[in-house]
Amino acid sequence: MKYNRLAAIAFLGLSLVLLTLGINACAEGNTYKQGKILYTNACGNCHGANGEGLKELIPPLAKSDYFAKYKASLACQIYKGINGEIEVNGVKYNQPMVGVKTLNDWEITNVLNYISANWGNDKEFIKLEDVQKSLKDCKD
Amino acid sequence: MNKFLFFSALVFFCSCNSTPQGKLNILGERQGIDAKGDTIYATVPAFSFINQDSQVVSDKTFDNKLYIVDFFFTSCPTICPKVTAQMLRVHDRFKDNAKVLLLSHTIDVRHDTIARLRNYAQKIGIKNSSKWHFVTGDEDKIYAIANKYFSVAKKDPNSPGGFDHSGRLILVDSKKCIRSYCEGTKEEDVDRFMKDITRLIEEEAKQ
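Since the structure is predicted, the reported quantities are computational estimates derived from the model, not experimental observations.

Parameters at a glance
- Residues numbered from 1 in each chain as written.
- Chains lettered and ligands numbered in written order.
- Predicted model: local features only at pLDDT ≥ 70, side-chain atom pairs only at ≥ 80, totals over all residues.
- Heavy atoms only, no water.
- Helix = DSSP H or I, 4+ residues; strand = E, 2+ residues; numbered from the N terminus.
- Expected span 1.5 Å × (residues − 1).
- Buried < 20%, exposed > 50% of the residue type's maximum accessible area, 1.4 Å probe, protein only.
- Contact = heavy atoms within 4.5 Å.
- Disulfide = S-S within 2.5 Å.
- Phe/Tyr/Trp six-rings, centres within 6.5 Å; stacked < 30°, edge-to-face > 60°.
- Core = buried A, V, L, I, M, F, W, Y, C linked by side-chain atoms within 4.5 Å.

Chemist: Please set out helix H5 (residues 187-206) of chain B residue by residue, giving values where relevant.
Modeler: Residues and elements named next belong to chain B. When the terminal C-alpha atoms of H5 are compared, their 29 Å separation across 20 residues agrees well with the 28 Å that a helix rising 1.5 Å per residue should span. Among the residues of H5, those classed as buried are Asp189, Val190, Phe193, Met194, Asp196, Ile197, Arg199, Leu200, Ile201, Glu203 and Glu204. Next to the buried residues of H5 lie strand S3 (66-72), helix H2 (80-94), strand S4 (100-106), strand S8 (168-172) and strand S9 (178-183).

Chemist: Pulling in residues and values, what's your account of the state of the cysteines?
Modeler: Applying the stated criterion across every chain yields a total of two disulfides over all chains. Through a disulfide, Cys76 of chain A is tied to Cys138 of chain A; the S-S separation comes to 2.2 Å. Taking the torsion about the sulfur-sulfur bond, which here is approximately 75 degrees, the covalent link between Cys76 of chain A and Cys138 of chain A counts as right-handed. A residue pair is termed long-range when its members are at least 10 positions apart, and Cys76 of chain A in helix H5 (residues 74-80) and Cys138 of chain A in helix H7 (residues 128-139) qualify at 62 residues. Each of the two residues, Cys76 of chain A as well as Cys138 of chain A, counts as buried. Bridging Cys76 of chain B to Cys80 of chain B, the disulfide has an S-S length of 2.2 Å. Judged by the torsion about the S-S bond (85 degrees), the Cys76 of chain B/Cys80 of chain B disulfide is right-handed. Assessed through its relative accessible area of 5%, Cys76 of chain B is described here as buried. Relative accessible area serves as the criterion here: at 2%, Cys80 of chain B is assigned to the buried category. Cys43 of chain A carries a free sulfur, and the closest cysteine sulfur to it, the one in Cys46 of chain A, is 8.9 Å from it. The cysteine Cys182 of chain B is free of any disulfide, with Cys80 of chain B supplying the nearest cysteine sulfur at 15 Å.

Chemist: So what's going on with the packing of aromatic side chains? Residues and values would help.
Modeler: Residues and elements named next belong to chain B. Within the structure shown, the criterion is met by 15 aromatic pairs over all chains. For the ring pair Tyr67 and Tyr149, a centre distance of 6.4 Å and an interplane angle of 90 degrees mean the geometry is edge-to-face. On the criterion of sequence distance, the pair formed by Tyr67 in strand S3 and Tyr149 in the loop between helix H4 (139-148) and strand S6 (153-155) is long-range, its members being 82 residues apart. Across this residue pair, the class does not change: Tyr67 and Tyr149 are buried. Seen from their ring centres, Phe71 and Tyr149 are 6.1 Å apart, and the 50 degrees between their planes marks the pair as tilted. Here Phe71 is found in strand S3, whereas its partner Tyr149 is found in the loop between H4 and S6, with 78 residues between them in sequence. We classify Phe71 as buried; its relative accessible area is 2%. Looking at Tyr149, the relative accessible area reads 0%, which means it is buried. By the ring-pair criterion, three or more aromatic residues cluster together here, those being Phe47, Phe49, Phe62, Tyr67, Phe71 and Tyr149.

Chemist: Provide a residue-level description of the nonpolar core, including the pertinent values.
Modeler: Across soluble globular proteins, nonpolar side chains show a tendency to be buried alongside one another. The biggest cluster of nonpolar side chains holds 56 residues, and the ones touching the most others in it are Tyr67, Tyr149 and Ile197 of chain B. With near-sequence residues (within four places) excluded, Tyr67 of chain B lies in contact with Val44, Phe47, Phe62, Leu101, Leu103, Tyr149, Ile170, Leu171, Val172 and Lys176 of chain B. Core analysis: the second largest hydrophobic core is formed by 27 residues, Ala75, Ile82, Ile86 and Ile126 of chain A among them.

Here it is, written out as structure tokens:
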């Protein structure tokens, strides 16, 4: 009887762990679906399908220290574009980036979170209000 | 009977699926028949441009070579980096074969100076201009020759970056005939294209 109860508890515990893992795995797969589509259309041609960039011409977004450093303020850079030299993972890049004017605040948020959640980046969640703040400072 | 049908179908299926051997087709409109009765094929006309090292690059540069062509501009905000990345794959695959050259034309001659082309080439790791030429020249001549390579290149204020162009890679043989092309934005299509390049190398080696 005692063994049965122990077994039941163990089974329940294991199920819970598996369930949590399962939910997480699903969340991983489904998160930022829109971000992925927007990324593919607006960013992927230059930065690559996996954020790999292009040699020393276009900086990577994968495992990018620049991305980690600027995060929410990148919204402004996406909107305005980038001119001049920047350093990413120890490499200097100087290819002008055209601003993407077609994405609104929450679309940019989704793109940023898609990038943040993938390719070895730190998965930190970027909030809509931070993106809005960055865009407001940017347009003023 | 059923077995026979099945077998025939299988043979048919296999023959359709196997990699086609032999010569690659020659593309483009036929230009008539010569005195000996042989078909005259369309060829790329003579041209003369300047590359990233300020050297003249002309049709003569590609005599007895086969080469791969594309059209781009360095400030292109759309498909160019993707196409350049695929050209780079082709370059890396055939970099040790002296018979294979690459030729990228800028379609933005005003901004893409020789210095800019050199910078672009070096940034993607192309230090040797004798293998992969990035050329500029007379705008009209570049747009005109794009047509000969089954490509579109023109100014268009409504397009991102101010230019409308196709992202094709085109394969030209040692007689300046066009033998294959692919969409330089599609990796799988470029895989197929690289097989065509290999076939052409083998075909020309036999001649």
